[in-house]
Amino acid sequence: MSKYTKEDIIRMLDENDVKFIRLQFTDIFGTPKNVAITDRQIRRALENECMFDGSSIEGFVRIEESDMYLHPDLDTFMLYPWHTEHGHIARLICNVCLPGGVEFPGDPRYILRKTLREAADMGYTFNVGPECEFFLFNMDDNGYPTTTTFDRAGYFDLGPGDVGEQARREICMNLEEMGFEIETSHHECAMAQHEIDFRYAEALTSADNIVTFKMVVKSIASQHGLWATFMPKPIYGQAGSGLHVNMSLFRDGKNSFYDPSKENGLSDVALHFIAGIMKHIKGITALCNPLVNSYKRLVPGYEAPCSIAWTVSNRSSLIRVPAARGNGTRVELRSPDPACNPYLVFAALLAAGLEGIRTRLPAPEAITQNIFDMPQEERVARGIEDLPADLHEALCELKQDEFLCEVLGDHIIDKYVEAKEQEWRRFAEEVTQWEIREYLSKF
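All values reported here derive from a predicted model rather than from experimental measurement.

What counts, and where the lines are drawn
Residues numbered from 1 in each chain as written. Predicted model: local features only at pLDDT ≥ 70, side-chain atom pairs only at ≥ 80, totals over all residues. Heavy atoms only, no water. Buried < 20%, exposed > 50% of the residue type's maximum accessible area, 1.4 Å probe, protein only. Helix = DSSP H or I, 4+ residues; strand = E, 2+ residues; numbered from the N terminus. Contact = heavy atoms within 4.5 Å. Core = buried A, V, L, I, M, F, W, Y, C linked by side-chain atoms within 4.5 Å. Phe/Tyr/Trp six-rings, centres within 6.5 Å; stacked < 30°, edge-to-face > 60°. Lys NZ or Arg CZ within 6 Å of the ring centre and 35° of its normal. Axes fitted to C-alpha atoms, helices over the stretch in contact; angles between N-to-C directions. Parallel < 35°, antiparallel > 145°, perpendicular 65-115°, else oblique. Left-handed = near helix turned anticlockwise from the far one by under 90°. Nonpolar A, V, L, I, M, F, W, Y, C, P; charged D, E, K, R; others polar.

Draft legend 1. Examining helix α1 (residues 6–15) more closely. What α1 keeps buried is the set Asp-8, Ile-9, Ile-10, Met-12 and Leu-13. Where α1 is buried, its residues touch β1 (18–26), α2 (42–46) and β6 (87–97). Once α1 ends, the next one or two residues include Asp-17, with phi positive near 55°.

Draft legend 2. Seen up close, the nonpolar core. Ranked by internal contacts, the top residues of the largest apolar core, which has 96 residues, are Phe-126, Phe-213, Met-247, Leu-249 and Phe-346. Looking at which element gives the most residues to this core, the answer is helix α8 (residues 342–358), with 12 residues. When near neighbours in sequence (up to four residues on either side) are disregarded, Phe-126 contacts Leu-116, Ala-201, Glu-202, Ala-203, Met-247, Ser-248, Leu-249, Phe-273, Phe-346 and Leu-350. Core analysis: the second largest hydrophobic core is formed by 23 residues, Phe-25, Ile-37, Ile-42 and Phe-104 among them.

Draft legend 3. View of the packing of aromatic side chains. Inspection of every chain in the model, using the stated rule, returns 14 aromatic pairs. The interplanar angle of 50° and the centroid separation of 5.7 Å between the aromatic rings of Phe-134 and Phe-230 together place this pair among those described as tilted. Taken as a pair, Phe-134 in strand β7 (residues 125–138) and Phe-230 in the loop between β11 (226–229) and β12 (243–251) lie far apart in primary sequence, 96 residues in all. Here Phe-134 and Phe-230 have matching classes, each one buried. Ring centres of Phe-213 and Phe-230 lie 6.2 Å apart, and the angle between their planes is 65°; on these two criteria the pair is classed as edge-to-face. In this pair, Phe-213 sits in helix α5 (residues 203–223) while Phe-230 sits in the loop between β11 and β12, placing the two residues 17 residues apart along the sequence. In this structure, Arg-251 packs its charged tip against the face of Tyr-124, placed 4.4 Å from the ring centre. The ring of Phe-29 has Lys-420 sitting right over it, with the charged end atom 5.0 Å from the ring centre.

Draft legend 4. Layout of the packing of helix α10 (residues 391–400) against helix α11 (residues 402–429). Viewed as axis vectors pointing N to C, α10 and α11 meet at an angle of 150°, and their least axial separation amounts to 9 Å. Classified by the interaxial angle, the pair formed by α10 and α11 is roughly antiparallel. Handedness of the α10/α11 crossing: left-handed. Counted together, Leu-391, His-392, Leu-395, Leu-398, Lys-399 and Gln-400 of α10 and Glu-402, Leu-404, Cys-405, Leu-408, Ile-413, Tyr-416, Val-417, Lys-420, Glu-421, Glu-423 and Trp-424 of α11 form the full contact between these two elements. Counted by class, the contact of α10 with α11 contains 10 nonpolar, 2 polar and 5 charged residues.

This is the structure:
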């Protein structure tokens, strides 16, 4: 049942002096887009009559198929805390549809909604709690981002070394005004790196929240003269930014991952779910780590996982099960980074986990040792494989995974892979400063 009706939306606009409404959606890479309307057009929008040119959006349609419609999800209505001279701004996240109301198969939100319906058919609700990291850098005199920072703080430090503390605090306060429940915020281990964690939610809401979170972080940082970036690895020799994904399945209000009679309190459902993700993780990596730069983070020495293994509490593994049990039992995937499209990532992870449950796929042995310190020969002997080493390898794995291709559909697969292969070719052809420093004087 919906939280809001059309009349509720109209009433809230009037009560809060809203003059501007953003009808928001994302392209296939998770980049937020919007069509902005004034309050006088809201009834038209609520009747799904707002149209836009889909040929102008990355990965959508050709110019001869360009007419697309925005269908607002009423439950995503949200006020932005900041007030303009013309009144408040509100937003509605929309589903993208073709003429006639048919859901567009290239809409990432549709892919997640479709997969959530499959989970519901099995009796499950899929909850996700993200842990999102980002950097706050100085801008130059022209307002362009740099990697310069006056920040000299470390993990959990506070001022005066943490020069981003005030911006981070204001980000949290704005998010809470928007309905987020902020659980923790702190300085991360790299210079100028921060983390803000908000409470888990059903997966569609959680994906919406991540897109909103990134917009708020960038907006508030800009007001403080800082540039917020979710680039995975902006500084050589420093830790990169991750987007750890904490997942759980609930049925009838109870956590299906918890079974007190089993070892470590983990149910068979949890183990099958883990096994399903591990089976498909090489292909999923192209979604979790979508940039050339993503693989500069997935290297030894910075706590980001490089090998495909699972564990209880051990932070060196790709998948770990934190100590909480009961309804707090969850599975944490540590490889994703914040450049990913959360709709596609959550859909792929859920689909893979559900396949593991349906087929009763056995989970491999849990690894208790620090994998970073484990000799290569031992990893091979124990069947521990590596994640893809770069974007090209990850895309090859995605294309070869027939199950994931079916989950995402032909449109998403074709457009996503085409764009990312072009990105890889541009990178492969680029002559970098590293090459100049390394080779110019030697050869």
